[in-house]
Amino acid sequence: MPSAIIKQFVVEGATDFPFAMLTADECWPARAADAAAIVAHQFNAGGATPHRKIILATIAKYAPNRQRWIAAGWRVID
């Protein structure tokens with residue numbers, strides 16, 4: 001069986017991170033810094049949520065669902 005090919009894509013947004021999209025798109029934060037960026041604002045109660053770009057990784061056969069990311073207040077950029 002051939003090894004899986006890992007692909008990366010970038011999402012950006014300034015609202016709460018849509019954690020359900022990680023499951024929906026079968027992806028995960030590509031680096032520790034991306035994981036930290038996802039949760040950093042969760043502990044800033046009442047504070048402004050900064051605009052963030054987060055790199056996510058997935059197996060090549062999965063593509064991000066751009067419309068669902070937009071519906072969640074985020075967008076996929078390449």
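(A) Summary view of the nonpolar core. By size, the foremost hydrophobic cluster in this structure holds 12 residues: Phe-9, Val-11, Phe-17, Met-21, Leu-22, Cys-27, Ile-38, Ile-54, Leu-56, Trp-69, Trp-74 and Val-76. Filtering out sequence-adjacent residues up to four positions away, Trp-74 remains in contact with Val-11, Glu-12, Gly-13, Ala-14, Thr-15, Asp-16, Phe-17, Pro-18, Arg-52, Ile-54 and Trp-69.

(B) How the structure looks around the pairing of strand S1 (residues 6-13). Pairing of S1 with strand S3 (residues 52-59) involves 8 bridges; the strand directions are antiparallel. Pairing of Val-10 across the sheet is with Ile-55, part of S3. As judged from the 4 bridges shared by S1 and strand S4 (residues 74-77), these two strands associate in the antiparallel manner. Paired with Glu-12 across the strands is Arg-75, a residue of S4.

(C) Representation of unusual backbone geometry in the model. A positive phi angle, close to 45°, is found at Glu-26, a residue other than glycine. Mapped onto the fold, Glu-26 is located in the loop between helix H1 (20-24) and strand S2 (27-29). With relative accessibility at 40%, the residue Glu-26 sits in the partly exposed group.

(D) Geometry of the packing of aromatic side chains. Under the defined criterion, the tally for this structure stands at 3 aromatic pairs. Measuring from centroid to centroid gives 5.5 Å for Phe-17 and Phe-19, while their planes differ by 75°, and the two rings are edge-to-face. When its relative accessible area of 39% is taken as the criterion, Phe-19 is described as partly exposed. Each residue in the set Phe-17, Phe-19, Trp-69 and Trp-74 is aromatic and connected to the rest through ring pairs, giving one cluster.

(E) A look at the sheet that holds S2. The strand order across the open sheet built from 4 strands is S2-S3-S1-S4, with neighbouring strands paired in antiparallel fashion. At either margin of the open sheet sits one strand with a lone partner, and together these are S2 and S4. Strand-to-strand twist in this sheet, taken as the mean axis angle between neighbours without regard to direction, amounts to 40°. Packed onto the sheet, helix H2 (residues 32-40) meets S2 and S3 and runs at close to 125° relative to S3.

Reading guide: rules and limits
- Residues numbered from 1 in each chain as written.
- Predicted model: local features only at pLDDT ≥ 70, side-chain atom pairs only at ≥ 80, totals over all residues.
- Heavy atoms only, no water.
- Core = buried A, V, L, I, M, F, W, Y, C linked by side-chain atoms within 4.5 Å.
- Buried < 20%, exposed > 50% of the residue type's maximum accessible area, 1.4 Å probe, protein only.
- Contact = heavy atoms within 4.5 Å.
- Pairing = 2+ DSSP bridges.
- Helix = DSSP H or I, 4+ residues; strand = E, 2+ residues; numbered from the N terminus.
- Phe/Tyr/Trp six-rings, centres within 6.5 Å; stacked < 30°, edge-to-face > 60°.
- Axes fitted to C-alpha atoms, helices over the stretch in contact; angles between N-to-C directions.

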